[in-house]
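Summary of the model geometry
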Amino acid sequence: MQAAQKSIVRGTPEGAAQGPVQQPATGELRSDWTRAEVDAIYRMALPELVFRAQTVHRAHHAADRVQTCQLISIKTGGCPEDCAYCPQSAHYQAGVEREGLLESQHVIEVAREAAGRGVTRFCMGAAWRDAPEGREFEKVLDMVRGVSGLGMEVCCTLGMLTERQAERLKEAGLSAYNHNLDTSPEFYGSIITTRVYDDRLKTLAAVRKAGITVCCGGILGMGEGEADRIGLLHQLATLDPHPESVPINMLVRVEGTPLASMPPLDPLEMVRAIATARILMPASRVRLAAGRKQLSPEAVTLCFLAGANSIFVGEKLLTTPNPGPDEDELLLQSLGMKPLEPHAAN
Ligand code: SF4
């Protein structure tokens, strides 16, 4: 059996609990975090880190509420990008069957059914490098109109967008656009070679310009070092304004992808990353996203304590497995936590 990817955290560095982090307990909104500050937060002794994160969390969010989101793949496989973690890349043989763009009515029905189960945010993912023009884009706009008409928050991830496409999505009722930075700028080239970090930042700027909220996070456990996790969090927290939604994913190791044999990540790294994200971006919704099936209920509970306030429900996250609805319901019930109502601020 492979050893878990070990954190190189050594506990609180000398003086780190007291400084250099100048931050009121309630967490003011700042986009001028230095990398040294992020480093000092991330490396705090875990009890101190979680305590600070929970304090910030309570100042901005209801501590017993979790937003449930559902993510479906509306166009699967055959993606020309080479993201090393992704079974949908055409570069790898990961057993994912290619499937063209789904029919709008079908997607809207899936969303309606999800809304009936208390899901308040519906996310649609398509394996494209760039969002297409023409008939396919019109179909996506129909889906956005339909899902938004159900009173749900609607999010898309369609690859890189032009400013005009972002404007049209906004007009159709899109609430959020997901475009992850994945990892630190330094480690990015080890994971993806078909695009550069700046391409991601340009799409994020187009999304912002159109008045759509930003969903942007990353993936842990891809062989990155602690400095890369800190680098990713620093990038996210210095976006101005912060992404309203910050998904923190744990690598799902899929056979056939280059990262299939990565050693499993120490779950406490997820807790650290979530707590750090909560402190750095107090008002954002921090989402415990992919990889939840690999976490014990106790680890998920620690993630909630660290400030995660959203999970993805449904048997699948795009193409990878996710805990079943009964499991999630039981966990939330046992913790006394409740799903967020539609359009609740927190
Ligand atoms: S993560 Fe997205 S962009 Fe990268 S290969 Fe998969 S579908 Fe394509």
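Residues numbered from 1 in each chain as written. Predicted model: local features only at pLDDT ≥ 70, side-chain atom pairs only at ≥ 80, totals over all residues. Heavy atoms only, no water.

1. Regarding the packing of aromatic side chains
Using the following cut-off: A pair of Phe, Tyr and Trp rings is counted when the ring centres sit within 6.5 Å of each other, with Trp represented by its six-membered ring. The angle between the planes then sorts it: under 30 degrees is stacked, over 60 is edge-to-face, the rest tilted. Only protein chains enter the accessibility calculation, which uses a 1.4 Å probe; a residue is then buried when its area is under 20% of its type maximum, exposed when over 50%, and partly exposed in between. Placement of a charge over a ring requires the Lys NZ or Arg CZ to be within 6 Å of the ring centre, with the centre-to-atom vector within 35 degrees of the ring normal.
All chains considered together, the criterion is met by one aromatic pair. Ring geometry for Tyr188 and Tyr197: centres 5.0 Å apart, planes at 85 degrees, overall edge-to-face. Judged by its relative accessible area of 3%, Tyr188 falls in the buried class. Judged by its relative accessible area of 9%, Tyr197 is buried. The positively charged end of Arg30 is found above the aromatic ring belonging to Trp33, 4.0 Å away from the centroid.

2. Section: the nonpolar core
Worth spelling out the cut-off: The term nonpolar core refers to a set of buried residues drawn from Ala, Val, Leu, Ile, Met, Phe, Trp, Tyr and Cys, joined through side-chain atoms within 4.5 Å. Numbering goes from the N terminus for both helices and strands, where a helix is a DSSP run of H or I of at least four residues and a strand is a run of E of at least two. The criterion used for residue contact is that any of the two residues' heavy atoms lie within 4.5 Å.
Counting residues in each nonpolar core, the largest one holds 97 residues, and the members touching the most others are Ile74, Tyr85, Phe122, Met124, Leu158 and Leu169. The leading source of residues in this core is helix α9 (residues 267-280), at eight residues. Setting aside anything within four residues of it in sequence, one finds Ile74 in contact with Gly100, Leu101, Leu102, Val107, Met124, Gly125, Ala126, Val140, Met143 and Leu158. Counting residues in hydrophobic clusters, the runner-up holds 13 residues, among them Cys155, Ala176, Val254 and Leu317.

3. Description of the packing of helix α3 (residues 104-116) against helix α4 (residues 135-148)
How we decide: Note on definitions: angles span 0 to 180 degrees between N-to-C directions of axes, and those axes are lines fitted to C-alpha atoms, for helices only across the stretch in contact. Geometric relationships in this document are graded by angle, where less than 35 degrees denotes roughly parallel, more than 145 denotes roughly antiparallel, 65 to 115 denotes roughly perpendicular, and other angles denote oblique. For a crossing to be left-handed, the near helix must be turned anticlockwise from the far one by less than a right angle; the clockwise case is right-handed.
Viewed as axis vectors pointing N to C, α3 and α4 meet at an angle of 25 degrees, and their least axial separation amounts to 9 Å. When the interaxial angle is binned, α3 and α4 end up roughly parallel. The crossing of α3 and α4 is right-handed. Facing α3, whose interface residues are Ser104, Val107, Ile108 and Ala111, α4 presents Lys139, Asp142, Met143, Gly146 and Val147.

4. A closer look at the pairing of strand β7 (residues 245-250)
What counts, and what does not: Following DSSP output, two strands are said to pair if at least two bridges run between them. Handedness is read with the strands pointing away from the viewer; a crossover is right-handed when the path from the first strand over the helix to the second is clockwise.
Burial analysis of β7 places six of its six residues in the buried class, which makes it a mostly covered element. Examined bridge by bridge, strand β6 (residues 218-220) and β7 share three bridges and lie parallel to one another. Considered in β7, the bridge of Gly218 is made with Ile248. In terms of handedness, the path from β6 via helix α8 (residues 226-237) over to β7 forms a crossover that is right-handed. Bridge count between β7 and strand β8 (residues 285-288): four bridges; the pairing is parallel.

5. Remarks on the site of the ligand
The criterion, for reference: For this purpose, a residue is taken to be near a molecule or strand whenever a single non-hydrogen atom of the residue falls within 4 Å of it. A cavity, in this analysis, means grid points on a 1 Å lattice covering only the protein atoms where a 1.4 Å probe fits yet has no way out; a pocket is instead an open set bounded by protein on both sides within 12 Å along at least five of seven lines, and a residue lines either one if it has an atom within 4 Å of a point. Cavity and pocket membership follows a simple rule, namely that a molecule belongs there if more than half of its atoms are within 2 Å of the grid points.
Surrounding the ligand, one finds Cys79, Glu81, Cys83, Tyr85, Cys86, Ser89, Ala127 and Arg195. In this structure, the ligand is accommodated by the largest cavity.

6. Focus on the pattern of salt bridges
Worth spelling out the cut-off: Salt bridges are identified by distance alone: a Lys or Arg side-chain nitrogen within 4 Å of an Asp or Glu carboxyl oxygen.
By the definition in use, this model includes 25 salt bridges. In this structure, the salt-bridge partner of Asp64 is Arg65, at a minimum N-O distance of 3.9 Å. Among the ionic contacts, a cluster of salt bridges with common partners joins Glu81, Arg129, Asp130, Asp182 and Arg195.

7. Description of the pairing of strand β9 (residues 310-313)
Of the two faces of β9, the one lined by Ser310 and Phe312 and the one lined by Ile311 and Val313 are each fully buried. In this structure, β8 lies alongside β9, joined through two bridges in parallel fashion. Considered in β9, the bridge of Arg287 is made with Ser310. Taken together, β8, helix α10 (residues 297-305) and β9 constitute a β-α-β crossover, and its handedness is right-handed.

8. Observations concerning helix α2 (residues 46-60)
Formally: A helix is expected to span 1.5 Å for every residue after the first.
With 15 residues, α2 should reach 21 Å at 1.5 Å per residue; the first-to-last C-alpha distance of 21 Å fits that figure. Taken together, the buried positions of α2 are Leu46, Leu49, Val50, Arg52, Ala53, Gln54, Val56 and His57. The inward-facing, buried residues of α2 contact α1 (35-42), α9 and α10.

9. Considering the environment of Cys123
Within the fold, Cys123 resides in strand β2 (residues 121-126). Separated by 53 residues in the primary sequence, Cys123 and Ala176 have C-alpha atoms spaced 8.8 Å apart. Residues in contact with Cys123, not counting those within four places in the same chain, are Cys69, Gln70, Leu71, Ile72, Cys155 and Phe312.

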